[in-house]
Amino acid sequence: MRIDIQPEADPQREPSRPKAVFTTRPTKLRLMSLFAALVLVLIAMKEAQKPERWAWLGLGETPAGNGPVEIAPTAQQTIPTEDSRDPADVIDSESDRARPKNDVSFTDRFWKSSYRNLSLKQKKKLNQVLRQGLKQGSAGQEMDPAFKQLIDKIEGFGNDSQADLLGEISLLGPASKHKMILSQQLVDFQDHWRKFKTAAMDGIQGKPLDAEQLEILGDVQAIIDQTTYEMIRDRTPVVRSADGPAWLRTWERIQVGKPDTELEDPDSLISHIQLLSQPESYRGRWVEISGTIRGANKIEVRKNELGFDHYYVLWIQPADSNVSPYCVYCLDLPTALSQVDNQFTALSETVRVKGIFFKLRSYETTEREMAICPLILAKTCELIPLKTIVAPSIWQPPVWMLVAFLVVMPLVAVCIAIGVYQMTKTSPHTISAKSEKQLVEDLGDLTQNQSIKSDVQRVEELHENHRLHEDPHADVDPHSSNRRERHE
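Reading guide: rules and limits
Residues numbered from 1 in each chain as written. Predicted model: local features only at pLDDT ≥ 70, side-chain atom pairs only at ≥ 80, totals over all residues. Heavy atoms only, no water. Pairing = 2+ DSSP bridges. Helix = DSSP H or I, 4+ residues; strand = E, 2+ residues; numbered from the N terminus. Axes fitted to C-alpha atoms, helices over the stretch in contact; angles between N-to-C directions. Contact = heavy atoms within 4.5 Å. 1 Å grid on protein atoms, 1.4 Å probe; cavity = no way out; pocket = protein on both sides within 12 Å on 5 of 7 lines; lining within 4 Å. Points joined across faces, edges and corners; volume = space filled by probe spheres on them. Nonpolar A, V, L, I, M, F, W, Y, C, P; charged D, E, K, R; others polar. Polar contact = N/O pair within 3.5 Å; in protein donor to acceptor, adjacent residues only side chain to side chain. Expected span 1.5 Å × (residues − 1). Buried < 20%, exposed > 50% of the residue type's maximum accessible area, 1.4 Å probe, protein only. Phe/Tyr/Trp six-rings, centres within 6.5 Å; stacked < 30°, edge-to-face > 60°. Disulfide = S-S within 2.5 Å.

Trainee: Residue-level account of the sheet that holds strand β1 (residues 286-300), with values.
Mentor: The sheet built from five strands closes into a barrel, its strands ordered β1-β2-β3-β5-β4 with mixed pairing. For this sheet, the mean inter-axis angle between neighbouring strands, taken without regard to orientation, is 50°. Pairing geometry for strand β4 (residues 345-364) and strand β5 (residues 370-383), over 12 bridges, is antiparallel. When the sheet's bridge partners are listed, G355 is paired in β5 with A378. Here helix α9 (residues 244-256) sits on the sheet in contact with β1, β2 (310-318), β3 (326-330), β4 and β5, set at roughly 25° to β5.

Trainee: Describe empty space enclosed by the protein, and please don't skip the residues or the numbers.
Mentor: Under the definition given, this model contains three cavities of 30 Å³ or more. Here the largest cavity defines a volume of roughly 50 Å³. Taken together, K124, N127, R131, P245, L248, R249 and E305 make up the full set of residues lining the largest cavity. Looking at the lining of the largest cavity, the elements with two or more residues in it are α5 (120-135) and α9. Residue classes in the lining of the largest cavity are distributed as two nonpolar, one polar and four charged.

Trainee: How would you summarise the environment of Q190 if you had to cite specific residues and measurements?
Mentor: Mapped onto the fold, Q190 is located in helix α7 (residues 177-204). Put simply, Q190 and G158 are 32 residues apart on the chain and 9.0 Å apart in space, counted from C-alpha to C-alpha. At a separation of 3.0 Å, a polar atom in the side chain of Q190 contacts the side chain of Q162.

Trainee: Help me get a handle on α5, residues and values and all.
Mentor: Compared with the 22 Å implied by 1.5 Å per residue over 16 residues, the 23 Å span of α5 between its first and last C-alpha is a close match. Those residues of α5 that fall on the buried side of the exposure criterion are L120, Q122, K123, K125, L126, N127, Q128, V129, L130, R131 and G133.

Trainee: Explain unusual backbone geometry to me, and be specific about the residues and the numbers.
Mentor: The bulk of non-glycine residues show a negative phi, and the bulk of peptide bonds are trans. Unusually for a residue other than glycine, R235 sits at a positive phi of about 60°. By relative accessible area, R235 is classed as exposed at 56%. Despite not being glycine, R368 has its phi angle at roughly 65°, a positive value. Here R368 shows up in the loop between β4 and β5.

Trainee: If you had to explain the packing of aromatic side chains to someone new, which residues and values would you point to?
Mentor: Scanning the model with the defined rule gives 14 aromatic pairs in all. Taken together, a centroid distance of 6.1 Å and an interplanar angle of 45° make the contact between W111 and W193 tilted. Taken together, the residues span a long stretch of sequence, with W111 in helix α4 (residues 106-117) and W193 in helix α7 at a distance of 82 residues. As far as the burial class goes, W111 and W193 line up, both buried. Where W247 meets W251, the ring centres are 5.8 Å apart and the plane angle is 80°; that geometry is what we call edge-to-face. Of this pair, W247 and W251 both sit in helix α9, four residues apart, roughly one helical turn. The two residues W247 and W251 agree in class, both being buried.

Trainee: Give a detailed account of the state of the cysteines, specifying residues and quantitative values.
Mentor: Summed over all chains, the structure comprises zero disulfides. No disulfide involves C381; its sulfur sits 5.4 Å from the nearest other cysteine sulfur, which is in C330. Assessed through its relative accessible area of 6%, C381 is described here as buried.

Here it is in structure tokens:
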């Protein structure tokens, strides 16, 4: 295998680029300009999250007030113009046409589509017609021209919808089962519209309605309520024009005072995390919450068709969470909270609230940051008194026993200390003359006792025993042994 060896000489290199120098004046100015541009972008991002900036650009509504509470929409605020429509309504209307038409009846689809295509003022008028008809007002009222225009517009929607349905029916075969279903729905709708128009005309004039007419108005009200709550958007301020019809309808339900449907479990409370995570599931439903009121204030509004001119805004700390508060709008407060007025009042009262969940509203915190919290509309709140904890009866010793204990315990401690000192004290031991004499005699007896051997004697004895064990014929007498050695 051939291996090419490069010469040791340096190869041809490309000319090196000059190193960047950041100390020159033009470079410093360029870096400072880039840094300033970055700061401006961060400031713009911070300001873009504020709703009032979007309103200034003409893309949203400006919340009233400077504090953490925005003024809620009233009847006048939710009706800016005759033909004003929220952009979300246009999107919802287009998506409603794209839905499959076999999941609900033709009548339900008609009312949902027609209601979405009405202006805010016409939506309000239709809700007013249904409210007056269901409440059975006084007879002899004059026909409102705006109501006649509303009926004509809805009837025009109905004619267009029937024409579309007839076109769909004509494309199906004679023996098609689906064609029979659509034909029956068309007949049912024509009968429904005829009865509704009569009931609405009589209701707006205050005429008494029979049970069938009341049932028709109630069915239409249920369909419109569902559509109204579907138009609500979460994470938006309280002031939103498209939420106006749902806002008034919710207050109307609050004034009635009883839920349209009973709670699934009257004894269970809805948690804060349930409302934050599933707002669509609880929107427009009666819920019950508990917590501690941290602040409240009173909001004055112009008297509207529902008859109230003020409401209260409560900020409640949830009993099961510390993420964000509940924002509760209620018409009345208990007598114990009569000190609440137009100024924000700090409170600390435990309450339970039964109301209708509206949406997740956005608000500005005291740190000037945007946050969201559940918005609930209620008639009032119920104060929960604090439970008085009764301490169990405990036996208390009499005074004389306490005095005796304080006197006796120091004495006992002193006695114990003296006893311990005596046990640990060492004293010199002296020997008497008689004992010393006896000791000398005992030592003398020990020195004369032949059975007692010293260490040296014991070693010699062991050595001799070992020698005899090795040579049994050896002479035991050491003198004879010495003579034997000399003889040899």
